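Understanding the architecture of this molecule
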Amino acid sequence: MSLLALGMQCRDELIDRLLPGRKLQRELRANWGQPGAGERSFLASWYFDRVRDAPDAVHVDDRTWGDLEFPRIFARFDTTLTPIGSQVLFKQLRTYAGTADESARRYALCDRLRSEQALREQIQQQLMALKEETHANIADFVFGPEPEPPKHRWLLALWGLASVAVLATTIICAWPIWIWLAMLATNAVIVYRSMRHAFRNTATLKSCVRMLRVGNGLARLRGTGLSPLEQLADQAPQRTQALGALRWMALLQKKALEELGIPMWLTLLFLAEPIAYAFSIGRFAQIRPALASTFELIGELDAAIATASYLQQYPTHCQPTIADHALLRLVEGYHPLIAHPVSNSLELDGQSLLITGSNMAGKTTFIKMVSINLILGRTMGFCLATEATLPLTQVMTSIRSEHSVESGKSHYFAEVEAIRAFITTAEKGGHPVFVIDELFRGTNTCERVALARAVLEHLARHALVLVTTHDVELQPVLKQHYALCHFRENPEIEGFFDYRLRPGASRERNAIRVLARMDFPDRIVAAAMDYSMQDQQQKDRERESAA
């Protein structure tokens, strides 16, 4: 490295030390539009787990979340700076907006932050004070069971005062030092015994103090027209009251005191932290609403910025129209987890969809793509498509029915349970969307076709159904309720398939042709094709005889 380059590096490091905001700004801009690392995935669900049973809320169920690989989507999505933002973002992705206006407002917030860099970075600089993972405990503390105050808090306070008196008397009256040392040893035992059980809660109360201060910092950005900032400004009196209730914890968290180690000595000498915790937790019920609101508004801002950054990776997206009936329309929709996705379009107006085609043709990826965009549109207010119209309803899937050794459930039994849940949900009304991959594939052909026909006919009367199948026999018997589409091999391209959805029934022998492309012996391929044609001819004769 040349002396000039070394000098410039030293200059930059000196400027960064003098102006830490400059370094932070550079890091924020470098990370903008980049995928998340998924580092907080195990912490992200804590807030959602605490509030998922709230009345009137409709959530993406656990099976659908897993079927559609939303944990991977969330990991790419989550570039939040704080664990609070990560938890709010997770809840947003798992919770359907109650109205079209709610999802539109969510999209408008992230779109505004995407376009206004200076405002976005001002907010992010405030959020950095909450970046530590320990602040994830706030969700459990504020939205979980109310913590119980320690017993004998007045005895703690009296002992703390006695410690002050003993130290003062030892100094003024020249008492033997061992008296004060005995008191100090007793204090150490009390601190250990009392804080052993309350350590996590004490740390979380400190996090709450920091969160309230960040809320005050963000409130100073009012006047921008952003709803969360305006609400934070309006709620300043409630936060002041909350900080007053936590004043002793707030005092022990003063930066100047912490840098000198004073809170540690005050705790050891006079039980400062156990006493502050005991009296602060006693007032917790009064300030819980202020803490909850501050948590949600700070998290909403952080989540909106993460959403805006996510959309930088996917410039082709749209804000969907929410229909008041069973209309599903996607134009050039694509899958977020595929590096070079093939886009497809779809329109269903009060009709379900039956998709046929061989393995690897793209059936499952297509129904996942549609489902993901439905959920993103209904939760976050955007779709990865050029245009979209979505029904105001929930999505449920049965795509990954695995055999479970632990539960003793077979593949077939697990699928039956899922379909039974669909039937129950459909009969409640609301015209939900059901997405099914290869229905009843765990049983024999004859019963599979009969079962699938009966179930799909019933579901189509109450819901919008997207279903894939290899059973072409279902096409003629379900065409009254289901639009027919298919995927097929394209012999003109490398890789066998072009992943394009085509209208109409499937009539190709794609599975056999794949074997031919994979260099299977010609005699096997020819025999398979011959057997297939014979079987089809036999079925045609039986159908004609029955007619």
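The structure contained in this document is the topic of the report that follows. One numbering rule holds for all chains: residues counted from 1, following each sequence as written. For this predicted model, a pLDDT threshold of at least 70 governs which residues receive local features, and a threshold of 80 or more governs which side-chain atom pairs are given and counted, while totals over whole chains, interfaces and linings are taken from all residues. Only hydrogens and water are set aside when side-chain values are computed; all heavy atoms of the structure are taken into account.

1. Some words on the sheet that holds strand β5 (residues 387–391)
- Paired strands, as defined in this entry, are two strands with at least two bridges between them according to DSSP. Every helix listed is a DSSP run of H or I at least four residues long, and every strand listed is a run of E at least two residues long, numbered separately from the N terminus. Strand order in the open sheet made by the 4 strands is β1-β5-β2-β3, with mixed pairing throughout. Strands at the two margins of the open sheet, each flanked by one partner only, are β1 (321–323) and β3 (344–349). Taken over all neighbouring pairs, the strand axes of this sheet differ in orientation by 20° on average, direction set aside.
- Where β1 and β5 come together, 3 bridges link them in parallel fashion. Lines fitted to C-alpha atoms define the axes, with helix axes restricted to the stretch in contact, and inter-axis angles between N-to-C directions lie between 0 and 180 degrees.

2. So, the pairing of strand β9 (residues 482–486)
- Summary of the burial criterion: residues with accessible area below 20% of their type's maximum are buried, those above 50% are exposed, and those between are partly exposed, where the area comes from a 1.4 Å probe applied to protein chains only. Within β9, 4 of the 5 residues are buried, leaving the element largely enclosed by the surrounding structure.
- Direction of pairing for strand β4 (residues 352–356) relative to β9: parallel, over a ladder of 5 bridges. Looking at the pairing, Ser352 lines up with Tyr482 of β9.
- Two elements, β9 and strand β10 (residues 502–503), share 2 bridges in a ladder whose sense is antiparallel. Paired with His486 across the bridge in β10 is Arg502.

3. Quick word on the packing of helix α9 (residues 117–127) against helix α19 (residues 284–313)
- One can describe the packing of α9 onto α19 by two numbers: an axis separation of 11 Å at closest approach and a directional angle of 125°. Viewed along their axes, α9 and α19 adopt a mutual orientation that is oblique. In this structure, α9 crosses over α19, and the sense of that crossing is left-handed. Judged by residue contacts, Arg120, Ile123, Gln124 and Leu127 of α9 engage Ile298, Leu301, Asp302 and Ile305 from α19.
- In this classification, the charged set is Asp, Glu, Lys and Arg, the nonpolar set is Ala, Val, Leu, Ile, Met, Phe, Trp, Tyr, Cys and Pro, and all remaining amino acids, among them Gly, are polar. A per-class count over the contact of α9 with α19 returns 5 nonpolar, 1 polar and 2 charged. An angle below 35 degrees is treated as roughly parallel, one above 145 as roughly antiparallel, one from 65 to 115 as roughly perpendicular, and anything else as oblique. Crossings are sorted by hand: turned counterclockwise from the far helix by less than a right angle, the near helix makes the crossing left-handed, and turned clockwise it makes it right-handed. In this analysis, two residues are considered to be in contact whenever any of their non-hydrogen atoms come within 4.5 Å of each other.

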